Amino acid sequence: MLKNKLNTRLFVTFSLATLLILNCFSATWDVPADQKEKKSYIKFDKQTSSQGEVLYNANCASCHGNPGKNNILKSLNPIPPDLSGKSSQALSDGDLQYILNTGRGLMPNFKNVISAEDQWKVISYLRGFNPNYVQELSKFDPNKSKLVKLTAKFDSKANILTVMALADEKSGKIPIIKAEIAVFVKRYFGNMQIEKTVLTDNFGKAQVVFPKDLPGNKTGDLEVLVKLFDENYGEVQTTNKLAIGVPTDKPALNEKRAIWNVLAKAPIWTLSLYLLGVFAFILLLLYLLNNLRKLYNSKTI
Ligand code: HEC
């Protein structure tokens, strides 16, 4: 009997310890490496901090309380941390933005609620509570993407698409080096990527080999989407109509299917059956209306 009690106590202790350890594990955030490294492209200053404070009070304070004020909503599990605290401040700027965009459990995600720029402002406000924080700015400037000129030329003999990525800087046109280029063909549902993502060379040039048998429209045209990702110039895309595909004359999905179509008339039996159905339904309606009228006239109701 005594042994049994001991065993139970051991079991309970062990289970509780396991739960506690698991809970500790769940408290760390699994942030992908490239996200962790992300930095803000706006400089944190008094203005961004006070704009961030307004956003924080509207979106976060109800759960996290005001930093350092110990007015956290403690009824939640896990309890939302005080974001001015040591453990939260140990997170990188990229971590914080990732957490805002993904959320977890009771922590909502703000991906479509707070714009990227405003998210940095909230983070700017939170960093104000950390005297040891020194901001590292991202090199990326969102205005720079406007300078990018992307051109695509197709060599129909070799079936190669050549993409040129140049930036129209004040100092003249400079090639964008080592930018990622991804090429897609537009389809009914979403886009299909051609080949793998390639990097531009020292001249801002990248080449993608096309398969020879892609179906195009009647004249063989295909809509080709070229996307560029670069850490300085951001994300830029252009669409080009290129005569790359094999001419394919496919009728639209609804062209030969309509009942009253002039191209291919529906068989007589389909039409008659359909009309018979409509007619029967009208008769039924009339019959019901007539019955209602009779009931009404009979003064039984
Ligand atoms: C509905 C309540 C709620 C709201 C609103 C909320 N959070 Fe949270 N937040 C939580 C909870 C709960 C956690 C703990 C989640 C966990 O660890 O699984 C959390 C965790 C976090 C963390 C991780 C901190 C750490 O040290 O691990 C950050 C950062 C954070 N929230 C930022 C914000 C910001 C910024 C806002 C406003 C834009 C916000 N939260 C709004 C409930 C909330």
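Remember, it's a predicted structure, so these values are computed and weren't measured experimentally.

Colleague: Got a minute to help me understand the overall build of the protein in this structure?
Modeller: Broken down by element type, the protein carries 8 helices and 8 strands. Counting all 301 residues of the protein, 29% fall into the buried class. Contacts in the protein between residues far apart in sequence, at least 24 positions, make up 56% of those at least 6 positions apart.

Colleague: I tried to follow the coordination of the iron atom of the ligand on my own but got confused; where do I start?
Modeller: Around a metal, the idealised angle for a tetrahedral arrangement of four donor atoms is 109.5 degrees; for an octahedral arrangement of six donor atoms it is 90 or 180 degrees. The protein atoms that coordinate the iron atom of the ligand are His 64 (NE2) and Met 107 (SD), at distances of 1.9 to 2.1 Å. Geometry at the iron atom of the ligand is octahedral, judged from its 6 donor atoms and the angles of 88 to 179° they form at the metal. With His 64 in helix H4 (residues 61-64) and Met 107 in the loop between helix H6 (93-102) and helix H7 (116-127), this pair connects stretches of sequence that are 43 residues apart. An identical accessibility class is assigned to His 64 and Met 107; each is buried.

Colleague: Could you clarify how one ought to interpret the side chain of Thr 200 in this entry?
Modeller: Positionally, Thr 200 belongs in the loop between strand E5 (191-199) and strand E6 (205-209). For Thr 200, a relative accessible area of 4% translates into the label buried. For Thr 200, the side chain forms a polar contact with the main-chain nitrogen of Lys 178, separated by 2.9 Å. Within polar-contact distance, the side chain of Thr 200 engages the backbone nitrogen of Ala 179 at 2.9 Å. Ignoring sequence-local partners within four residues, the contact set of Thr 200 consists of Ala 165, Ile 176, Ile 177, Lys 178, Ala 179, Ile 181, Lys 205 and Ala 206.

Colleague: What's the story with the site of the ligand in this structure? I'm lost.
Modeller: Inspection of the region around the ligand gives 22 residues, with Cys 60, Cys 63, His 64, Ser 88 and Met 107 positioned closest. Taking His 64, its side chain carries an N or O atom lying 2.7 Å from a nitrogen atom of the ligand. Here an oxygen atom of the ligand sits 2.6 Å away from a polar atom, N or O, in the side chain of Ser 88. Every element with two or more residues in the shell around the ligand is listed here: H4 and H6. For the shell around the ligand, the residue count by class is 18 nonpolar, 3 polar and 1 charged.

Colleague: Sorry if this is basic, but what is going on with the packing of aromatic side chains here?
Modeller: The geometry of an aromatic ring pair is captured by the separation of the ring centres together with the interplanar angle, meaning the angle of the planes. Enumeration according to the criterion identifies 4 aromatic pairs in this entry. Ring geometry for Tyr 56 against Tyr 125: centres 5.4 Å apart, planes inclined by 50°, an arrangement best described as tilted. Taken together, the residues Tyr 56 in helix H3 (residues 46-59) and Tyr 125 in helix H7 connect sequence positions 69 residues apart. By the burial criterion, Tyr 56 is buried, and Tyr 125 matches it. Relative to Phe 210, the ring of Phe 154 has its centre 5.7 Å away and its plane inclined at 75°; by these criteria the two rings are edge-to-face. Of the two residues, Phe 154 sits in strand E1 (residues 148-155) while Phe 210 sits in the loop between E6 and strand E7 (222-230), which places them 56 residues apart along the sequence. Classification of Phe 210 as buried rests on a relative accessible area of 3%. An aromatic cluster is defined as three or more aromatic residues linked by ring pairs; in this entry it consists of Tyr 56, Tyr 125 and Phe 129. The ring centre of Trp 29 lies 3.8 Å from the NZ or CZ of Arg 104, which sits over that ring. Positioned above the aromatic ring of Phe 184 is the side chain of Lys 227, whose terminal nitrogen or guanidinium carbon lies 5.4 Å from the ring centre.

Each value, and the rule that gives it
- Residues numbered from 1 in each chain as written.
- Predicted model: local features only at pLDDT ≥ 70, side-chain atom pairs only at ≥ 80, totals over all residues.
- Heavy atoms only, no water.
- Helix = DSSP H or I, 4+ residues; strand = E, 2+ residues; numbered from the N terminus.
- Buried < 20%, exposed > 50% of the residue type's maximum accessible area, 1.4 Å probe, protein only.
- Contact = heavy atoms within 4.5 Å.
- Donors = N, O, S within 2.8 Å, 3.2 Å for Na, K, Ca; no water.
- Tetrahedral: all angles 85-135°; square planar, octahedral: opposite > 155°, others 65-115°.
- Polar contact = N/O pair within 3.5 Å; in protein donor to acceptor, adjacent residues only side chain to side chain.
- Near = heavy atom within 4 Å.
- Nonpolar A, V, L, I, M, F, W, Y, C, P; charged D, E, K, R; others polar.
- Phe/Tyr/Trp six-rings, centres within 6.5 Å; stacked < 30°, edge-to-face > 60°.
- Lys NZ or Arg CZ within 6 Å of the ring centre and 35° of its normal.

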